[in-house]
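# Residue-level structure breakdown
The chain contents come next:
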Amino acid sequence: MDLSYTAEEKAFRDEVRSFLAEKLPKDLQDKVSGSDGEGLTKADMERWHAILNDQGWLVPNWPKKYGGAEWNAVQKHIFEEEAGAANAPRIVPFGFSMLAPVLHKFGSQEQNDYWLPRMLNGDDWWCQGYSEPGAGSDLASLKTSAVKNEAGTHYIVNGQKTWTTLGQHANMIFCLVRTDKDAKQQEGISFLLIDMDTPGIEVRPIILLDGSPEVNEVWFTDVEVPVENLVGEENKGWTYAKYLLTHERTNIAGVGVSKAGLATVKRLAKSEMSNGKPLIQNPHFAARVAQVEIDLKAMATTNLRIISKAAGGGTPGIEASMLKVKGTIIRQAINDLARRAVGAYAMPFASEAVEGSNAGLPDPLGAGPVAAQYFNNRKLSIFGGSNEIQRGIIAKVSMGG
Amino acid sequence: MNFELTEERQMLQDSLRRFLRERYDTATRNAIIDSDTGISADIWAQLAELGVIGALFTEEQGGFGGKGFDLAVVFEELGRAGVVEPFLDTAVLAGGLVADLGDESQQSLVEEIIGGTCQMAFAHGEPTSRYDLNRVQATAKADGDNIVLNGHKAVVINAEAADHLVISARESGQPGDDTGISLFLVPSGTKGITIQGYALLAGGRAAEVMLDDVTIPATARLGKAGEAFAAIEARIAAASIAQCAETLGAMETATTLTKDYLMTRKQFGRPIGTFQALAHRMSDLLIEMEQARSAVINAAGHLEADRNTREANVSATKNLMGRAGRLVAEDSIQMHGGIAMTQEYELAHIAKRIVMGDHRFGDTDYHLERFIDLSAA
Ligand SMILES: Cc1cc2nc3c(=O)[nH]c(=O)nc-3n(C[C@H](O)[C@H](O)[C@H](O)COP(=O)(O)OP(=O)(O)OC[C@H]3O[C@@H](n4cnc5c(N)ncnc54)[C@H](O)[C@@H]3O)c2cc1C
Ligand SMILES: Cc1cc2nc3c(=O)[nH]c(=O)nc-3n(C[C@H](O)[C@H](O)[C@H](O)COP(=O)(O)OP(=O)(O)OC[C@H]3O[C@@H](n4cnc5c(N)ncnc54)[C@H](O)[C@@H]3O)c2cc1C
């Protein structure tokens, strides 16, 4: 048992730290700190992707032959933790860490050769078209249909996807579609790559409760998709989708982001005054902060235990579900503390959706829109498999159901 | 022992509930939130007509209510519909202080408030006062027959729309002293007052109010010099009861929406409410709703009691509502899934009203500590 990093791992961490110190633009850092990057524009995110790409670190999980770095689980963790703590924008995951692994494993050579370089160069922005209004937790009940035309050249797609994160920036969407209505639910699903400029696609923004235009509805009416855009085999999409979900759940614990969030809470509580003294000296508030910090320290170690198991070739099973549940509880608790810390100043509304609303917004502690963030991050326990679904998985697996 | 509403209060509740159900739906309300002023003059006038504002003042003050249960009845309904119009700020806080402390000429404004033609705001909190009522740093200095105000008032709800501000300032002593605080009734256009307005996350608007050598006649003072603290504390008690009742009404809406959704939304071929993981949480929310209703009754029933009894009940209720409210808001969203995250769904607004209610007049933690102090006293 040794809780510290090896010499090589430490050297790697130092390399990451100096890269971040040197290359992470201050203005991006400022947008992320205290507000979880909600103010980042498409151009901001693309700029950060390009900086990482120059360094060869945009897609560390990819095979080297496609421009990846083949980092092991510990290296990935170190990068994520350091980037989180430095308030770096998160890498938009849909193409780089969701679609790409599916293409590597199940895509054709042509698909890999065509789509991967475009992804790296920023030519394509991908979004994820899984959920539908009637198919959330029960994803396999999805209805969007894809029927091959008579010539056999195209799929004709009809239906609706929803909750499509950053779909407004995307020109490509990967979708789960139903290609066999008569098969058992999971066996009639296929995995399609769809150009969002194709006629018949309409994207409508959904404004979230904190005012952010973060997700979208995507409507498909007789959309023609070339058959070359099918990934793998027809009706095998559910297998690929599940493979993708295991990738969606990496870094699910969000240790780095939570550490940065806790540091922000402490900073706020040092400046906020309560009964004439800094709030951090209020034993009640200090206890709340300490409680979360204690939980976070233990979870960070759980995370490392699971990561070193993965680095040693083991496959994480229900541990990923456990990290998802605990990690989101901790992040949401930190958002709750930040909101509490600033008192009445949690009430003002800073929203990008309301033009000019930031003008003259009072923020004496430089807290950012903490209450908006508190509400926005209620999503953490809903998406990517809700916490109830994760608990169901843990129970089923651990009790052999 | 009788937990029934009086006939008058029952009638007011019925007519108010009916009016809001018919005239204040989600789309109407969200359009009001998006408007420049953040309030609807039309709704204000019609609710005044219905007697909503009159119910917040006693008969001696020109109204027909003003007791704890009158506030509770009105604000529970306003909360149920997610009303963003600042009745609390104009009538219970600022208007209430004018009614409590004003001389005859100042009190004439109360009639206008009840009629719905006068807006007010209470400029009391400051950037470093957090929830402490006596941490007033703004100063009031005598200058001949005049008084000169200086200071910075934070997150003053309804300041932009207000015709008059009730401003607290210190004439003697130190921030943290109960004595030395005075109140002043000041037309909001008075020279030296700068109002920097902004929207609030849960609807409505507030402002930072800067006082820069604001010169007013000594007759603008409400009540006696340096002795306003007890009146402020009593008014904040009334406002806290109103706030808690509003939160209770909003919680009713949240739990009703959630219960309905659990019975209609299907996943895996069955209503999601049939999953025990959700059914039990729903049961917990219903249990907490009963606690919350009783807590509001405890506070409302002691508004007219002696100071310590009143304040201990207010703090107990505020603490419980903070906890139960957060649970209801968070679990209602969680049990809905993605749909509750969207701005146009009613629950989104309701959840924000509930949680932001904890940021007014002291939060869960503040009132827990205060309850301990008051219990020891
Ligand atoms: C901000 C945000 C971004 C998103 N981004 C994307 C995206 O980019 N692409 C995409 O495809 N999807 C996305 N989603 C969708 C997300 O994956 C779904 O919201 C999620 O799967 C839950 O589905 P639902 O919202 O329909 O809720 P439902 O599935 O209807 O769930 C409602 C409630 O029922 C519970 N529940 C459901 N089944 C069970 C059960 N068997 N046992 C116990 N409880 C159960 C849930 O936990 C939840 O509490 C996003 C969602 C949000 C909120
Ligand atoms: C001190 C004591 C005094 C008692 N006095 C009386 C008495 O006077 N008269 C009398 O008739 N009985 C009495 N009981 C018995 C009592 O009613 C039973 O203990 C009770 O019904 C639970 O049954 P069980 O102990 O067999 O546990 P089980 O029914 O086996 O339950 C075990 C666990 O499973 C949970 N569980 C069971 N079913 C479900 C479900 N459908 N969904 C979710 N969770 C579930 C339970 O909540 C419990 O946590 C007494 C018991 C005790 C301990």
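As the structure is a prediction and not an experimental result, all values here were calculated from the model.

The rules behind these values
Going along each chain's sequence as written, the residues are numbered from 1 onward. Each chain takes a letter, starting from A, and each ligand takes a number, starting from 1, following the order in which they are written. Under the rules for a predicted model, residues below a pLDDT of 70 receive no local features and side-chain atom pairs below 80 are neither given nor counted, while totals for whole chains, interfaces and linings still include all residues. Just so you know, side-chain values use all the structure's heavy atoms and leave hydrogens and water out. Strands here mean DSSP runs of E at least two residues long; helices mean DSSP runs of H or I at least four residues long; both are numbered from the N terminus. Two things to know: the radius of gyration comes from C-alpha atoms, and the globule rule equals 2.2 Å times the number of residues to the power 0.38. Relative accessibility thresholds used throughout: buried, under 20% of the residue-type maximum; exposed, over 50%; partly exposed, between the two (1.4 Å probe, protein chains only). Any two residues having at least one pair of non-hydrogen atoms within 4.5 Å are treated as being in contact. All accessible areas in this document rest on Shrake-Rupley with a 1.4 Å probe, and a residue is counted as covered only by the protein chains that are shown. Counted as positive: Lys and Arg. Counted as negative: Asp and Glu, with His and the chain ends omitted from the count. Charge positions come from single atoms, namely NZ of Lys, CZ of Arg, CG of Asp or CD of Glu. An automatic or database domain assignment provides the domain bounds reported here. Accessible area that two parts lose when put together, evaluated with a 1.4 Å probe and summed over both, is termed the buried area. Two N or O atoms count as a polar contact when they lie within 3.5 Å, although within protein this holds only if one can serve as hydrogen donor and the other as acceptor, and sequence-adjacent residues are included solely when both atoms are side-chain atoms. The quantity called pLDDT is the predictor's confidence in a given residue, expressed from 0 to 100. The salt bridge criterion pairs a side-chain nitrogen of Lys or Arg with a carboxyl oxygen of Asp or Glu, the two atoms within 4 Å. Residues are grouped as follows: Ala, Val, Leu, Ile, Met, Phe, Trp, Tyr, Cys and Pro are nonpolar; Asp, Glu, Lys and Arg are charged; all remaining types, including Gly, are polar. Two aromatic rings from Phe, Tyr or Trp, using only the six-membered ring of Trp, form a pair when their centres are within 6.5 Å; if the ring planes differ by under 30 degrees the pair is stacked, by over 60 it is edge-to-face, and anything between is tilted. Throughout this description, the term charge over a ring refers to an Arg CZ or Lys NZ atom that lies within 6 Å of the ring centre and within 35 degrees of the ring normal. Summary of the distance rule: residues count as near a molecule or strand when at least one heavy atom falls within 4 Å of that molecule or strand.

To continue, consider the overall build of chain B. When you go through chain B residue by residue, the secondary structure sums to eleven helices and ten strands. Taken against the 2.2 N^0.38 rule, which gives 21 Å for 377 residues, the C-alpha radius of gyration of chain B at 21 Å falls within 12% of a compact globule. With 377 residues in all, chain B has 59% of them scored as buried. Long-range contacts, defined here as pairs at least 24 residues apart, represent 73% of the contacts in chain B between residues at least 6 apart. For chain B, the computed accessible surface area is about 14900 Å², with 50% contributed by carbon and sulfur atoms. If the 33 positive side-chain charges of chain B are averaged to one point and the 54 negative ones to another, these points end up 6 Å apart.

Attention shifts here to the overall build of chain A. Of regular secondary structure, chain A possesses twelve helices and ten strands. Its C-alpha atoms put chain A at 75 × 55 × 45 Å along the principal axes. Here chain A holds 401 residues, and the buried ones make up 52% of them. Considering only residue pairs separated by 6 or more positions, chain A has 71% of its internal contacts joining residues 24 or more positions apart. Counting every atom, chain A has about 17600 Å² of accessible surface; 53% of that belongs to carbon and sulfur. The distance from the centre of the 42 positive side-chain charges to the centre of the 48 negative ones in chain A is 8 Å.

Time to look at the domain arrangement of chain A. All names here are of chain A. Along its sequence, chain A is organised into domain 1 (7-91), domain 2 (125-235) and domain 3 (249-398). One C-alpha centre belongs to domain 2, the other to domain 3, and the line joining them spans 32 Å. Contacts between the two partners involve eight residues from domain 2, matched on the other side by ten residues from domain 3. Between domain 2 and domain 3 the total buried area reaches about 670 Å² when both faces are included, carbon and sulfur atoms providing 56% of it. Seen at the junction of domain 2 and domain 3, the total is four residue pairs in polar contact (both at pLDDT 80 or more).

Turning next to the confidence of the model for chain A. Counting all residues, the mean pLDDT for chain A is 91, and 93% of those residues have values of 70 or more. Note that residues 352-359 of chain A has pLDDT below 50 and, in this model, ten contacts with residues that lie over four places away or in other chains.

In this section: the domain arrangement of chain B. Residue and element names in this part refer to chain B. In terms of domain boundaries, chain B breaks down into domain 1 (7-118), domain 2 (121-226) and domain 3 (230-376). In this structure, domain 2 and domain 3 have C-alpha centres spaced 30 Å apart. Domain 2 puts twelve residues into the contact, and the matching count from domain 3 is 14 residues. Counting the surface lost from both domain 2 and domain 3, the interface buries some 1100 Å², and carbon and sulfur atoms represent 71% of this. Contact with domain 3 buries area across many residues of domain 2, yet Y131, L133 and A202 alone supply 56% of it, more than any other trio. Linking domain 2 with domain 3 are one salt bridge, by the criterion used here. For D363, the salt bridge goes to R130, with nearest N and O atoms at 3.9 Å. Applying the counting criterion to the domain 2 and domain 3 interface returns two residue pairs in polar contact (both at pLDDT 80 or more). The residue inventory of the side of domain 2 that touches domain 3, partitioned by class, reads eight nonpolar, two polar and two charged.

The description of an aromatic ring pair uses the distance of the two centres, along with the angle that the planes make with each other. Scanning all chains against the criterion turns up 18 aromatic pairs over all chains. When the centroid spacing of 4.0 Å and the interplanar angle of 5° are considered together, the rings of W44 of chain B and F87 of chain B count as stacked. Of this pair, W44 of chain B sits in helix α3 (residues 41-50) while F87 of chain B sits in helix α5 (residues 87-101), and the two are 43 residues apart along the sequence. Three or more aromatic residues joined by ring pairs form one cluster here, namely F12, F19, W48, W57, W71 and F79 of chain A. Sitting over the ring of Y374 of chain A, R339 of chain A keeps its end group 4.6 Å from the ring centre.

The next thing to look at is the site of ligand 1. What surrounds ligand 1 is a group of 28 residues, the closest being S137, T165, S386 and E388 of chain A together with Q334 of chain B. At ligand 1, the nearby residues belong to more than one chain, namely chains A and B. In this structure, an oxygen atom belonging to ligand 1 sits 3.0 Å away from a main-chain N or O atom of Y130 of chain A. Backbone polar atom of W163 of chain A to a nitrogen atom of ligand 1: 2.7 Å apart, as the coordinates give it. Relative to its free-state accessible area of 970 Å², ligand 1 is covered by the protein chains to the extent of 93%. Elements with a minimum of two residues in the shell around ligand 1: α12 (387-398) of chain A together with α9 (307-336) of chain B. Residue contributions to the shell around ligand 1 peak at three residues, all from α9 of chain B.

This next bit is on the interface of chain A and chain B. Size of an interface, as often reported, equals the accessible area lost when the parts are brought together. Between chain A and chain B, the contact holds 49 residues from the first and 45 residues from the second. Between chain A and chain B, the buried area comes to about 4100 Å², and carbon and sulfur atoms account for 57% of it. By the criterion of area lost to chain B, the three top residues of chain A are L209, M347 and F375 of chain A, representing 18% of everything that side buries. Between chain A and chain B we count five salt bridges in total. A salt bridge links R288 of chain A to D365 of chain B; the shortest N-O distance between them is 2.6 Å. For the pair chain A and chain B, the number of links is 29 residue pairs in polar contact (both at pLDDT 80 or more). Elements with a contribution of two residues or more to the side of chain A that touches chain B: β9 (273-274), α9 (283-311), α10 (318-341), α11 (370-376) and α12 of chain A. The greatest single-element share of the side of chain A that touches chain B, amounting to five residues, is contributed by α11 of chain A.

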